[in-house]
Amino acid sequence: MSSIITLPLVKDSERLEKQLRDIPPVPGVYLMRDHQDNILYIGKSKKLRSRVRSYFRDYNHHTPRIALMVQQITEIEFIVTDTEAEALALEANLVKQHQPHFNVLLKDDKKYPYLCITWSEDYPRIFITRKRRLGNPKDRYYGPYVDTRVLRNTLHLIKQIFPLRQRPKPLFKDRPCLNYDIGRCPGVCQLLISPEDYRKIVQKVAMIFQGRSTELIDHLTEQMEQAAEALNFETAARIRDQIQGLQSLNSEQKVSLSDDRVSRDAIALAANSKQACVQLFQIRAGQLVGRLGFTAEVPPGLKLTEMGLILQRVLEEHYQTVDAVEIPSEILVQYELPDESILTDWLSDHKGKKVTILTPQRQLKAELIEMVQRNAEYELERVQKLSDRNTAALEDLAEILDLPDLPHRIEGYDISHIQGSDAVASRVVFIEGLPAQQYYRHYKIKNPNVHAGHSDDFASLAEVMRRRCRDYSTSTDKPDLIMIDGGKGQLSAVVTVLQEMNLLEEIRVISLAKQREEIFLPGETFPLETDPEQPGVQLLRRLRDEAHRFAINFHRNKRSERMKRSHLDDIPGLGHHRQKLLLAHFRSLDYIRMATVEQLAEVSGIGPKLAQQIYDYFH
């Protein structure tokens, strides 16, 4: 049923009221779905009906994130439970399984970095990323970490302590690189270590980011002593070096507490009327092993005494994504939580041991909370300064263009090619003056008149704008302003398309010309009188430069792929599918050129005869 209905519930009051009446006033979990049957949000409540109804009561006064979600809801499902504690556990499992977009607490997924371990692969990779929940469900994310520099230094040191794969792709086809010779890599590229043995190494690394460094050191110490007793002194010395490296990781991160054997998390926030910066300190064996950061929206009218609502939601969402061994025995909170007992029971059940939540008022634990709060205040101040700068730029831009309101969503478009070859376009999006990379998009130019030796930026931009506005009437991501990289000609091409689609009155479009940084408006002969260094123009320049960068990178990748395939296209019998198999196996054209007939024949779909043809072509 939900896959057929396309009208949101907020626009169908009769169906909305019927669905709300069908929801019972008991504990349970609710699931919000859109017209494509995607789950938007999963939540819990001790009174399902009133909680769900609150979303649709004057929804325009919700935070922007929730208001956007409500406008997309076409179906509501619910699951009844006996208690709210059961609802919390069920919510945690469903969120982990479905990972809905609006269950992400952070306003911007790319604000803080995560560390990812790709357990879905035979040889897991370890890397830093700002994109979470985009990979395989088996992959594990740690974070988000506030201090990127410390995270990078930690990962760099870990790669010196443990033999791990150092490169995303092999340097050589048939032999390991220098990292193997000096003991930095176990030879993953040549399969010189089994997946089982390599995963054991990665499991040790995972223990570090789980806050279990002390446990890992104890385990390695036992292994070192066993190796020494067996007179295997080389292994014992290697393990000794690993232990010393681990001890140096947090040597300067000591936190003074009387019972430093207890693992604990301390969480506090600083907030203004719109947002809260939350900091969570992970303390294990008296050492600060992680400092996580979250940026949450503050519901309108929330009082200072009710800030525990935000802390509780952060803790629920954070512990839903961690392993049981990562849950500490003690959690220190700045404000009392509204449902503390329910959260305590759920955490204790998940961990298998008792978990205590405290709101300290005096002595060392209260001082620890104050330290966490000060860090949250510094982060809020930094975020506020950045927000003020963007607001000033948006206000200046609105004044320059005589806009009735500040432009919330600005889109920038650019074209990239070399004399018409490999022509592509880019769309970048700024939300509230900041890059929102989740909305970026690449376009391959399909116009047959644009080809090598013949370029046409006007026709390319017209094609892109036509594709962008194809379903504009039903789109939920309508721009407040569109900026075209170019002058009057590029702008005219886009204006013509918008006139054909009867959208020129609805969409505000401008262009920004290079060199003099001039702004052109539709139908105007001369540019606006502006200063290239004023805040509004600088914002457009940042948008233009980002669109240019994004387009050029895509163009280079497309050109590189074409150049790889250009030689392979000339080999008889080697079609597009077999070309893909060859490139997937050898990674590059150079490796294919260096391969023997026997090595080429090992590729699926490449027989001895075709392998000989490929070899003869290159030799």
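Residues numbered from 1 in each chain as written. Predicted model: local features only at pLDDT ≥ 70, side-chain atom pairs only at ≥ 80, totals over all residues. Heavy atoms only, no water.

1. Some details on the domain arrangement of the protein
Then, number 1: Under the domain assignment used here, the protein contains domain 1 (9-98), domain 2 (114-252), domain 3 (263-381), domain 4 (409-557) and domain 5 (571-618).
Then, number 2: Each of domain 2 and domain 3 has a C-alpha centre, and these two points are 29 Å apart.
Then, number 3: The interface of domain 2 with domain 3 comprises 15 residues on the first partner and 17 residues on the second.
Then, number 4: Roughly 1300 Å² is buried in total at the junction of domain 2 and domain 3, and carbon and sulfur atoms are behind 47% of that figure.
Then, number 5: Taken together, the links from domain 2 to domain 3 amount to 2 salt bridges.
Then, number 6: Here Arg140 and Glu326 are joined by a salt bridge, their closest N and O atoms 2.5 Å apart. (Domains from an automatic or database assignment. Contact = heavy atoms within 4.5 Å. Buried area = accessible area lost by both parts, 1.4 Å probe. Salt bridge = Lys/Arg side-chain N within 4 Å of Asp/Glu carboxyl O.)

2. What to know about the nonpolar core
Then, number 1: Leu115, Phe162, Leu164, Phe209, Ile310 and Leu315 are the most contacted members of the largest nonpolar core, which totals 58 residues.
Then, number 2: No other element matches helix H7 (residues 195-209), which puts 8 residues into this core.
Then, number 3: Taken together, domain 2 (114-252) and domain 3 (263-381) each give at least three residues to this core, which thus spans both.
Then, number 4: Judged by nonpolar contacts, the second largest core, of 25 residues, contains Met465, Val497, Leu498 and Ala513. (Core = buried A, V, L, I, M, F, W, Y, C linked by side-chain atoms within 4.5 Å. Buried < 20%, exposed > 50% of the residue type's maximum accessible area, 1.4 Å probe, protein only. Helix = DSSP H or I, 4+ residues; strand = E, 2+ residues; numbered from the N terminus.)

3. Some words on the packing of H7 against helix H8 (residues 213-229)
Then, number 1: The geometry of H7 relative to H8 is characterised by a closest axis approach of 7 Å and an angle of 145 degrees between their N-to-C directions. For the pair H7 and H8, the contacting residues are Lys204, Met207 and Ile208 in the first and Ser213, Glu215, Leu216, Leu220 and Gln223 in the second.
Then, number 2: Counted by class, the contact of H7 with H8 contains 4 nonpolar, 2 polar and 2 charged residues. (Axes fitted to C-alpha atoms, helices over the stretch in contact; angles between N-to-C directions. Nonpolar A, V, L, I, M, F, W, Y, C, P; charged D, E, K, R; others polar.)

4. A short note on the state of the cysteines
Then, number 1: Under the counting rule described, the total for this entry stands at 0 disulfides.
Then, number 2: With no disulfide partner, Cys116 has as its closest neighbouring cysteine sulfur the one in Cys185, 18 Å distant.
Then, number 3: Taking relative accessible area as the criterion, Cys116 reaches 1% and is therefore assigned buried.
Then, number 4: There is no disulfide at Cys185, and the cysteine sulfur nearest it, in Cys177, is 6.1 Å away. (Disulfide = S-S within 2.5 Å.)

5. Structural notes on the environment of Ile331
Then, number 1: Note on placement: Ile331 falls in strand S10 (residues 330-333).
Then, number 2: Each C-alpha atom, one on Ile331 and one on Arg264, is 5.4 Å from the other, the two residues being 67 residues apart in sequence.
Then, number 3: For Ile331, the contacting residues outside a window of four places in its chain are Asp265, Leu315, Tyr319, Leu347, Val355, Thr356, Ile357 and Leu358.

6. What to know about the pairing of strand S1 (residues 28-33)
Then, number 1: Across the 6 residues that make up S1, a large majority, 6, are buried.
Then, number 2: On S1, burial covers both faces: Gly28, Tyr30 and Met32 on one face and Val29, Leu31 and Arg33 on the other are all buried.
Then, number 3: As defined by bridge partners, S1 adjoins strand S3 (residues 75-80) across 6 bridges and the pair is classed as antiparallel. Of the residues in S3, the one forming a bridge with Met32 is Ile76.
Then, number 4: In this structure, S1 lies alongside strand S2 (residues 39-45), joined through 6 bridges in antiparallel fashion. From the neighbouring strand, Arg33 faces S2, where its bridge partner is Ile39.
Then, number 5: Hairpin connection from S1 to S2: 5 residues lie between these consecutive antiparallel strands, with Asp37 at a positive phi of about 70 degrees. (Pairing = 2+ DSSP bridges.)

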